[in-house]
Amino acid sequence: MKTTQYVAREPDAQGHIHYPDAEHAVWQTLIERQLKLLDGRACQEYLDGVEQLALPRDRIPQLHEINRVLEATTGWQVARVPALIPFQTFFELLASKRFPVATFIRTPEELDYLQEPDIFHEIFGHCPLLTNPWFAEFTHTYGQLGLKASKEERVYLARLYWMTIEFGLVDTPAGRRIYGGGILSSPKETLYSLSDEPEHQRFDVVEAMRTPYRIDILQPVYFVLPELKRLFEVAHEDIMEHVRTAMQRGLHQPKFPPKAA
C-alpha cells in the first residue's frame, strides 16, 4: 500500500469527530465552489441526493448525520476508515452496504487535487448518489463480486469502478450530465469532462474494463451511460463473465503518456 501524509481523525467517546476551524473553512470553500459549478452539469439524481443529505456549508458533517439519511433511503451507511485501506477491506465494506469515508480533509495547499480520497470527495462526491437505489444496488453488487474475485480479476473490476462510480457520465433528456464522484468533487474535471476535449464513448462494460487509466491526470476518455438505470441493469448481469471476456481480449493501448519515473 502507498503511504500518505494524512491521518484520519478519531471520534470522541460520544462518536463526535472534532475538526479545527481551519478544516471547516476548507470544507466550506470546497462545497460552495462545487455547488456553483454543478448546476446544469450534475445529473438530477445526484442533485436530489444533495438535497436529501442537507449537507452543511459551514462545517464538515458528522458521519451519523449522513447515516441517518442513507439508512432511510437505501439501507446504506458510511464507515470511518484511515486515509488508505486495502482492496480487501474496501470490498468487505461495500459488500455490507457501508461506504468507506476517511475522516480527514485536504490541506489548503492541495485544495484542487489530492491522490487520497478525503472526506469531501467521499461525502460530497459519492454519498448523494447512494440515496439512489440504482446506484446503491450497483455499488453493493460490485463489493460482493470484488470479495470473491482473484487479484487479477480485481484489476479489471477496478477499471469498471473507475469508469463508472468515479468518472462516469450519463445522457439525460436535459443533456449530458456527471454522476462520477471523482468528477463531481473536482472543479477542473467538472468543466473538462463535459467539454469537447476528452473522448466520450458509449458505455460498454467490457470496454470499460479494458481501458487503462491514470489517477493523476485529467481523464482522456469518459464512458457515457444512456441513463442512470443502466447501472442497476449491469448489477443484474453476469459481471464476472464480462471480466473473463475483458481478460481474454486484453487491454487497449493507453490514451495517455506513461507516468514519469
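Summary of the structure given here. For clarity, every value in this text was computed on a predicted model and none was experimentally measured.

1. A few points about the overall build of the protein
Counting its secondary structure elements, the protein contains 12 helices and 6 strands. A globule of 261 residues ought to have a C-alpha radius of gyration of about 18 Å, and the protein, at 18 Å, matches this closely. Overall, the protein is about 50 × 45 × 40 Å in size when its C-alpha atoms are taken along their principal axes. Relative to its full complement of 261 residues, the protein shows a buried share of 52%. At a minimum sequence separation of 6, the contacts of the protein that also span at least 24 residues come to 67%. Of the roughly 12300 Å² of accessible surface on the protein, a fraction of 51% belongs to carbon and sulfur atoms.

2. Here's the deal with the environment of H126
As for its position among the elements, H126 is in helix α5 (residues 119-126). For H126, a relative accessible area of 1% puts it in the buried group. Considered as a pair, H126 and L184 are 58 residues apart in the sequence and their alpha carbons are 8.4 Å apart. In this view, H126 contacts F99, H121, F135, I165, E166, G181 and G182; residues no more than four positions away in its chain are not counted.

3. Overview of the side chain of E23
Tracing the chain through its elements places E23 in helix α1 (residues 21-38). If we skip the residues at most four places from it in the chain, E23 touches R9, I60 and I105.

4. Considerations on the nonpolar core
Ranked by size, the top nonpolar core spans 72 residues in total, and within it Y46, I123, Y179 and M209 carry the most contacts. In this structure, M209 is in contact with Y156, L157, R159, L160, I239, H242, V243, A246 and L251, ignoring residues within four places of it in sequence. Membership of the second largest hydrophobic core comes to 8 residues, among which are A83, L93, A102 and L114.

5. Things to note about the pattern of salt bridges
Summed over the entire model, instances satisfying the criterion amount to 13 salt bridges. In this structure, D171 engages R176 in a salt bridge whose closest nitrogen and oxygen atoms are separated by 2.8 Å. Put simply, R214 and D216 hold a salt bridge, and the shortest N to O gap is 2.9 Å.

6. Re the pairing of strand β1 (residues 77-81)
The pairing of β1 with strand β2 (residues 98-102) spans 5 bridges and is parallel. Among the inter-strand pairings, R80 is bridged to a residue of β2, identified as V101.

7. As for the packing of aromatic side chains
Evaluated as defined, the whole model comprises 12 aromatic pairs. On the basis of an interplanar angle of 20 degrees and a centroid distance of 4.6 Å, the ring pair of Y6 and F104 is categorised as stacked. Of the two residues, Y6 sits in the segment before α1 while F104 sits in the loop between β2 and α5, which places them 98 residues apart along the sequence. The class for Y6 is buried, based on a relative accessible area of 8%. Among the aromatic residues, ring-to-ring pairing joins F87, F90, F91, Y142 and Y161 into one connected group. Lying over the aromatic face of Y156, R159 brings its terminal NZ or CZ to 4.7 Å of the ring centre.

Rules behind the numbers
- Residues numbered from 1 in each chain as written.
- Predicted model: local features only at pLDDT ≥ 70, side-chain atom pairs only at ≥ 80, totals over all residues.
- Heavy atoms only, no water.
- Helix = DSSP H or I, 4+ residues; strand = E, 2+ residues; numbered from the N terminus.
- Rg over C-alpha atoms; globule rule 2.2 N^0.38 Å.
- Buried < 20%, exposed > 50% of the residue type's maximum accessible area, 1.4 Å probe, protein only.
- Contact = heavy atoms within 4.5 Å.
- Areas by Shrake-Rupley, 256 points an atom, 1.4 Å probe, with all protein chains shown as cover.
- Core = buried A, V, L, I, M, F, W, Y, C linked by side-chain atoms within 4.5 Å.
- Salt bridge = Lys/Arg side-chain N within 4 Å of Asp/Glu carboxyl O.
- Pairing = 2+ DSSP bridges.
- Phe/Tyr/Trp six-rings, centres within 6.5 Å; stacked < 30°, edge-to-face > 60°.
- Lys NZ or Arg CZ within 6 Å of the ring centre and 35° of its normal.

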